[in-house]
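# A closer look at the structure
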Amino acid sequence: MTPHPFRRRLLLAGASLPVAGPALAQTAAPAWPTRPVRMIIGFAPGGPTDIVARVVAQRLSEQLGQPVVVDNKPGAGGNLAADLAAKAAPDGHTLFYNTSAITIAPALYGKVPYDTMKDFVPVSTTATNAMIVMVHPSVPAKTIQEFVAHAKANPGKLNYGSSGTGTITHLATAALASALGLQMTHVPYKGSAPSLVDTAAGVVQLMTDTVNSALPYVKDGRLRALAVTMPKRLAVLPDVPTLAETVLPGMEMSAWQGVVLPAGTPPAIVQRLNGELRKVLAHEETRQKLIAQGTEILGSTPEEYAAYLRSELARWSKVVAETGAKAE
């Protein structure tokens, strides 16, 4: 797979985080929020999305002067949460802390109960995480090359976990298997946390997950890291090679996150929230918390995020077609 423009484009946008910009300055701040804000997340507590979202929510609460309450609604690869968020009142008091799932699911499922571009108003990207390809220690493979050989010698006998059908953790492994001709069975979970637990227990043999949730499992030896999905090795795992330098030249894939609001939310609230999120991502203590997790901080304008969502819908439609991935 060829590298996509996500990191380059949005890092450039993130470089100006402290500045709200002329478009934001033109609109007076609305009387919002007037009560606690609900932040819906489509995955279980303790997973990579939840970990970052709670850091963002904490700082956002302090800035807004109202609680930002994280509401985990796992299931159906994030579709349950997306549908719930799409149907929420468009008054700015319900945010959807989304992932790439809202651009993958339409291609994977064929029909979902929401339209990514029509039912949501993009606000801003927030962060992205590199991913690690890991196996249970019982798997007789010390390197990614050895794993590929082992999987080819045992077609259909290996299972891989994910945070849910249609999530980046599903598609990353599906793309890897498709590109290398591996036959493995997908076992979806309601979030990364339960999938990691079962992978560490040997219920499934392999999982590709983000560095911020997977690193503790690798560090204490519960899982063995074989490769990372970014073009360069990670500072936290300098001895773990990239897929690009080993078995898949050009391979780059990361798990990105952002915030959207229900369609129909007043533009003034969208602009205000964008400005507040930019302040969150520029806040030094918040940045250090995210960086310590291995998270790469992003940030964008609503227009940039909308363009990126459109490009990702097209990208994942192609990936799903190429891999033959299906919603189980």
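Structure: above.
Fair warning: this is a prediction, and the values are worked out from it, not measured in the lab.

Calculation notes
- Residues numbered from 1 in each chain as written.
- Predicted model: local features only at pLDDT ≥ 70, side-chain atom pairs only at ≥ 80, totals over all residues.
- Heavy atoms only, no water.
- Helix = DSSP H or I, 4+ residues; strand = E, 2+ residues; numbered from the N terminus.
- Rg over C-alpha atoms; globule rule 2.2 N^0.38 Å.
- Buried < 20%, exposed > 50% of the residue type's maximum accessible area, 1.4 Å probe, protein only.
- Contact = heavy atoms within 4.5 Å.
- Areas by Shrake-Rupley, 256 points an atom, 1.4 Å probe, with all protein chains shown as cover.
- Lys, Arg positive; Asp, Glu negative; His and termini not counted.
- Charge placed at Lys NZ, Arg CZ, Asp CG, Glu CD.
- Phe/Tyr/Trp six-rings, centres within 6.5 Å; stacked < 30°, edge-to-face > 60°.
- Lys NZ or Arg CZ within 6 Å of the ring centre and 35° of its normal.
- Pairing = 2+ DSSP bridges.
- Salt bridge = Lys/Arg side-chain N within 4 Å of Asp/Glu carboxyl O.
- Axes fitted to C-alpha atoms, helices over the stretch in contact; angles between N-to-C directions.
- Parallel < 35°, antiparallel > 145°, perpendicular 65-115°, else oblique.
- Left-handed = near helix turned anticlockwise from the far one by under 90°.

Bringing the overall build of the protein chain into the picture now. Scanning the protein chain for helices and strands turns up 13 helices and 10 strands. Here the protein chain has a C-alpha radius of gyration of 19 Å; the compact-globule value for 328 residues is 20 Å, and the two agree. With respect to the three principal axes, the spread of C-alpha positions in the protein chain is 65 × 40 × 30 Å. For the protein chain, the proportion of its 328 residues judged to be buried stands at 57%. For the protein chain, contacts bridging at least 24 residues in sequence account for 80% of all contacts bridging at least 6. For the protein chain, the accessible surface area stands at approximately 12600 Å², while carbon and sulfur atoms represent 57% of it. On the protein chain, the mean spot of the 29 positive side-chain charges and the mean spot of the 23 negative ones are 2 Å from each other.

Moving on, we come to the packing of aromatic side chains. Summed over all chains, the structure comprises 4 aromatic pairs. With a centroid separation of 6.2 Å and an interplanar angle of 85°, the aromatic rings of Trp256 and Tyr305 are classed as edge-to-face. A residue pair is termed long-range when its members are at least 10 positions apart, and Trp256 in strand S9 (residues 254–262) and Tyr305 in helix H13 (residues 302–323) qualify at 49 residues. Relative accessible area serves as the criterion here: at 1%, Trp256 is assigned to the buried category. An angle of 75° between the planes, with centres 5.3 Å apart, marks the rings of Trp256 and Tyr308 as edge-to-face. Taken as a pair, Trp256 in strand S9 and Tyr308 in helix H13 lie far apart in primary sequence, 52 residues in all. The pair Trp256 / Tyr308 is uniform in exposure class, with both members buried. One cation-aromatic arrangement involves Arg222 over Tyr217; the distance from NZ or CZ to the ring centre is 3.9 Å. Above the plane of the ring of Trp316 lies Arg315, whose end atom (NZ or CZ) is 4.7 Å from the centre.

For Glu146, the location among the structural elements is in helix H6 (residues 144–153). Given the relative accessible area of 38%, Glu146 is considered partly exposed. Each C-alpha atom of the pair Glu146 and Val270 lies 49 Å from the other, and the pair is 124 residues apart in sequence.

Within strand S3 (residues 94–99), 6 of the 6 residues are buried, leaving the element largely enclosed by the surrounding structure. Covered by surrounding structure in S3 are Thr94, Phe96 and Asn98 together with Leu95, Tyr97 and Thr99, the residues of both alternating faces. In this structure, strand S1 (residues 37–41) lies alongside S3, joined through 4 bridges in parallel fashion. Residue Ile40 lies in a different strand from S3, and its bridge partner there is Phe96. Alignment of S3 against S9, held across 4 bridges, turns out to be antiparallel. Paired with Phe96 across the bridge in S9 is Val260.

Across all of its chains, the model carries 11 salt bridges by this definition. Glu62 is paired through a salt bridge with Arg59; the nearest N and O atoms lie 2.8 Å apart. You can see Glu62 and its partner Arg59 sitting in helix H3 (residues 48–64), 3 residues apart, about one turn around the helix. Judged by relative accessible area, which is 49%, Glu62 ranks as partly exposed. When the shortest N-O distance is used, the salt bridge between Lys73 and Asp71 registers 3.9 Å. Since its relative accessible area comes to 32%, Lys73 is described here as partly exposed. Connected through salt bridges with shared partners, the residues Arg38, Asp71 and Lys73 form a single ionic network.

Here helix H9 (residues 211–219) lies mainly inside the structure; 7 of its 9 residues are buried. What H9 keeps buried is the set Val211, Asn212, Ser213, Ala214, Leu215, Tyr217 and Val218. Elements in contact with the buried residues of H9: H3, strand S4 (120–135), helix H8 (192–200), strand S7 (206–210), strand S8 (224–228) and strand S10 (295–297). Residue Gly221 follows H9 closely and has a positive phi angle near 85°.

What follows is about the environment of Ala255. On the secondary structure map, Ala255 appears in strand S9. You can call Ala255 buried: its relative accessible area is 8%. When the C-alpha atoms of Ala255 and Val121 are compared, they prove to be 20 Å apart, with 134 residues separating the residues in sequence. What Ala255 contacts, discounting residues up to four positions off in sequence, is Ala127, Thr128, Asn129, Met131, Ile168 and Thr210.

Our focus in this paragraph is helix H4 (residues 79–86). Of all 8 residues in H4, 6 are buried, a share of seventy percent or more. Among the residues making up H4, those that are buried are Asn79, Ala81, Ala82, Asp83, Ala85 and Ala86. The inward-facing, buried residues of H4 abut S1, S3, helix H5 (101–109), S4 and S9.

The interhelical angle for the contact between H5 and H13, taken along N-to-C directions, is 40°, at an axis separation of 8 Å. Taken together, the axes of H5 and H13 are oblique relative to one another. The element H5 and its partner H13 pack so that their crossing is right-handed. Across from Ile102, Thr103, Ile104, Pro106, Ala107 and Leu108 in H5, the residues of H13 making contact are Leu309, Glu312, Leu313, Trp316, Ser317 and Val320.

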